[in-house]
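# Examination of the molecular architecture
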Amino acid sequence: MTDSPTPESLGRELEERRQQAAEAGGADRIAAQHKKGKLTAGERIAAFLDPGSFNELEPYRAHRHTAFGLDEQRAPGDSVITGFGRVHGRMLAVYAQDFTVLGGSFSEVQGQKVARLLDLALDSGVPVVGLMDSVGARIQEGVYGLAAFSELFWRNTQASGVVPQISVMLGPCAGGSVYSPGLTDFVIMTEGSSHMFITGPKVIETVTGEKVGLDELGGAGVHNSISGVAHFAAPDEHSALALTRQLLSYLPANNAEPAPRIPPADDPHRMDARLDSLVPTDPGEPYDVRAAITLIFDTDTFLEVHAQFAQNAVVGFARLHGAVVGVVANQPMALAGVLDIDASDKIARFIRFCDAFNIPLITLVDTPGFLPGVREEHGGIIRHGAKIVYAYSEATVPKLAVILRKAYGGAYIVMSSKHIRTDVVYAWPTAEIAVMGAEGAVQILYADKLKDRPDREQAERESVEAFRREFGSPFAAAESGHIDDVLHPSETRPKLIAALELLRDKRVPIRPRKHGNIPL
Amino acid sequence: MTLLQQGLIISALGISLTFAALVVVIGLILLLRALFPATAPSLRLAASPVHESAERERSAAILAAVWYVRNHMQPARPTDPALGHRLESPPGGYWRAAPGLDEQ
């Protein structure tokens, strides 16, 4: 006759099993992870969430495969920890790949656990954060692993635009598994320790003969500045997790909620006189548009997204009297603020995120137009530039724009002009709204008249001046109703707050359709 | 007549004309002063110009300070005391979340 279990013995067994699950990979692998300067999955979740708020799901689930010695490598919870918890008191779903268990490889069980978490998050309307650190698919599981990937990708797509999804890259992410972060709204990478690529350096060398290092191929620097796959870079894991918490403070939990407000800490009437002299009257002279953003929006609230990618455009979140807004601006400091392929993609994607999650858009315009050149035309600048028009036209959130200086040609139209249903458009006295810059226009309009004149340079200068007199001020556009008002730059903050108040409850009828066909 | 003589005569004529014009202007001034003798305000010029200059500088400094305060410390136009209040409360019933939800 065996002893029947007592409550104490059952409790002890539970504690032992919890301990086993917490150290699933074994002490050696945990030590190896620490030696690399990396946290374990459990430590990451603890560092990320509000203290004591984590509730794990399915911590004992293990794989069922036996091939290639897998039967001897079963760990409770398999290679991922899933659950829910709070950040700044707000609920979210979180999963962390556990590199100490079979390299965090993406298995059938990992796929099922993460898929279930996404289902719960979607049903509950809470954001999903993935802390990624994995060698890729678990090859030993064959097609089961691939099927699990697919389930996750499908759910990432279903969740897109419904709940915010953030991927924090804290280690390698290779092969097909990169498509999950690729489908999420924001990707945050740690410098030095995280890498993303479809095919690694060895395969590339075999196939194409190109020799390339890990960082050079898919490091945080590359994906933040060249490919645009990543939106943020952080020097270490703790900074990456802190940045994720900061980002979440700007996002609603789902697409049915307004973005979170905080009590305003800045004077809504503040009119900073430095704005009045910020923009040089010489259209060729650069300035940093981030200075305007800093002075207009609530102090220290601007969080720039994609800061290192396509720097001729600036996008990010800020607050205006405590309310979250998405800021889009041209950056005259980089490429004179022209719109090129990368800038178009960057702007369009950000607009669509803000629109999906009820975040009003405020656009600061100073662009001479689209970047001319064979490379741009052959690269499809028409298709990419059209994304901006599409995104702004499609967006139904409150849309405000301020023309700071140059707004020329097609770029004037696409950068949140009144014609694509921007609700309120203001201009500063330095604004120039024209089909093109004065010099270019004179070359086209007066080419025949000027070519034979002995005083050609003088005549050209005079014509440029005449063109500027006509279009070099915002009043021509104001007279024709193409802008709503001309402001002293220092008045911009209270004017935007007032306009945002008007549009707080904005609603726009949407024609029923399956979905639009954005030029991808 | 040599060129030198010609030049000298022209110079002499020019100088004579200039002085004649000067005499006329001075005469005119004297005539006007005789017709309109100086009155009391002109006496003030004799009073301590240094003191007056300091007074003016002080006035100018006060004026400049007032303008600075008016232009930089205070709003240029009447402000709306309710500015931002509407943003501090959640959306009203007219607000609609992300498009598409109403159709579901």
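Just so we're clear, the structure is a prediction, and the values are computed from it rather than from any experiment. (Residues numbered from 1 in each chain as written. Chains lettered and ligands numbered in written order. Predicted model: local features only at pLDDT ≥ 70, side-chain atom pairs only at ≥ 80, totals over all residues.)

## Considering the overall build of chain A
The test is simple: Segments assigned H or I by DSSP are reported as helices when at least four residues long, segments assigned E as strands when at least two residues long, and all are numbered from the N terminus. To assign burial, the other C-beta atoms lying within 10 Å of each residue's own C-beta are counted, with C-beta atoms placed from the backbone; 20 or more indicates buried, 12 or fewer indicates exposed, and intermediate counts indicate partly exposed. By the criterion used throughout, residues are in contact when their C-beta atoms, derived from the backbone, lie within 7 Å.
A tally of regular secondary structure across chain A gives 20 helices and 17 strands. Dimensions along the principal axes, computed over C-alpha positions, put chain A at roughly 115 × 55 × 45 Å. Counting all 520 residues of chain A, 48% fall into the buried class. For chain A, long-range pairs separated by at least 24 residues make up 74% of all intrachain contacts whose partners lie at least 6 apart in sequence.

## Let's talk about the environment of A:Thr244
For A:Thr244, the location among the structural elements is in helix α10 (residues 237-248). Judged by local crowding, A:Thr244 falls into the buried class, with 21 C-beta atoms found within 10 Å.

## Quick notes on the nonpolar core
What counts, and what does not: By convention in this section, buried Ala, Val, Leu, Ile, Met, Phe, Trp, Tyr and Cys residues joined through C-beta atoms within 7 Å make up a nonpolar core.
One finds A:Val94, A:Val168, A:Ile188, A:Ile351 and A:Ile403 to be the most contacted residues of the largest nonpolar core, which totals 132 residues. The contact partners of A:Ile188, leaving out residues within four places of it in the chain, are A:Ile166, A:Val168, A:Met169, A:Ala230, A:His231, A:Phe232, A:Ala234, A:Ala240, A:Leu243 and A:Thr244.

## As for helix α7 (residues 201-208) of chain A
Here α7(A) lies mainly on the outside; zero of its eight residues are buried. Just downstream of α7(A) lies A:Gly209, where phi reads positive at about 85°.

## As for the interface of chain B and chain A
Note the cut-off: Polar here means any residue outside two lists: the nonpolar Ala, Val, Leu, Ile, Met, Phe, Trp, Tyr, Cys and Pro, and the charged Asp, Glu, Lys and Arg; Gly therefore counts as polar.
Opposite the 21 residues of chain B that make contact, chain A presents 27 residues. By residue class, the composition of the side of chain B that touches chain A is eleven nonpolar, five polar and five charged.

## Brief notes about the environment of A:Pro164
Residue and element names in this part refer to chain A. With respect to the helices and strands, the residue Pro-164 is situated in the loop between α5 (143-159) and β5 (165-169). As a C-alpha pair, Pro-164 and Asp-78 span 86 residues in sequence and 26 Å in three-dimensional space. Once residues lying within four places of it in the same chain are set aside, the contact partners of Pro-164 are Pro-127, Asp-185, Leu-251 and Phe-357.

## Digging into the pairing of strand β15 (residues 424-427) of chain A
Residue and element names in this part refer to chain A. The criterion, for reference: Strands were regarded as paired on the criterion that DSSP finds at least two bridges between them.
Both faces of β15 are covered, namely the face carrying Val-424 and Tyr-426 and the face carrying Val-425 and Ala-427. In this sheet, β15 lies alongside strand β14 (residues 399-408) in parallel orientation, the contact comprising four bridges. The partner of Val-402 across the bridge, within β15, is Tyr-426. For β15 and strand β17 (residues 485-486), the ladder comprises two bridges, and the chain directions are parallel.

## Points about the packing of helix α4 (residues 108-124) of chain A against α5(A)
Axis angle and axis distance: for two packed helices, these are the angle between their axes and the distance between the axes, and together they describe the pair. Residue and element names in this part refer to chain A. Counted only if it meets this: Note on geometry: axes are C-alpha line fits, over the in-contact stretch for helices, and angles between N-to-C directions span 0 to 180 degrees. Angles below 35 degrees are treated as roughly parallel, those above 145 as roughly antiparallel, those between 65 and 115 as roughly perpendicular, and all remaining angles as oblique. Should the near helix be turned counterclockwise from the far one by less than a right angle, the crossing is left-handed, whereas a clockwise turn marks it as right-handed.
Running from N to C, α4 and α5 point in directions that differ by 15°, and their axes come no closer than 8 Å. Between α4 and α5, the crossing angle belongs to the class labelled roughly parallel. Regarding α4 and α5, the two cross each other, and that crossing is left-handed. Counted together, Glu-108, Gln-110, Gly-111, Gln-112, Val-114, Ala-115, Leu-118, Asp-119, Ala-121 and Leu-122 of α4 and Tyr-144, Gly-145, Ala-148, Phe-149, Glu-151, Leu-152, Arg-155, Gln-158 and Ala-159 of α5 form the full contact between these two elements. Partitioning the contact of α4 with α5 into residue classes produces ten nonpolar, five polar and four charged.

The values are spatial; any link to function lies outside them.
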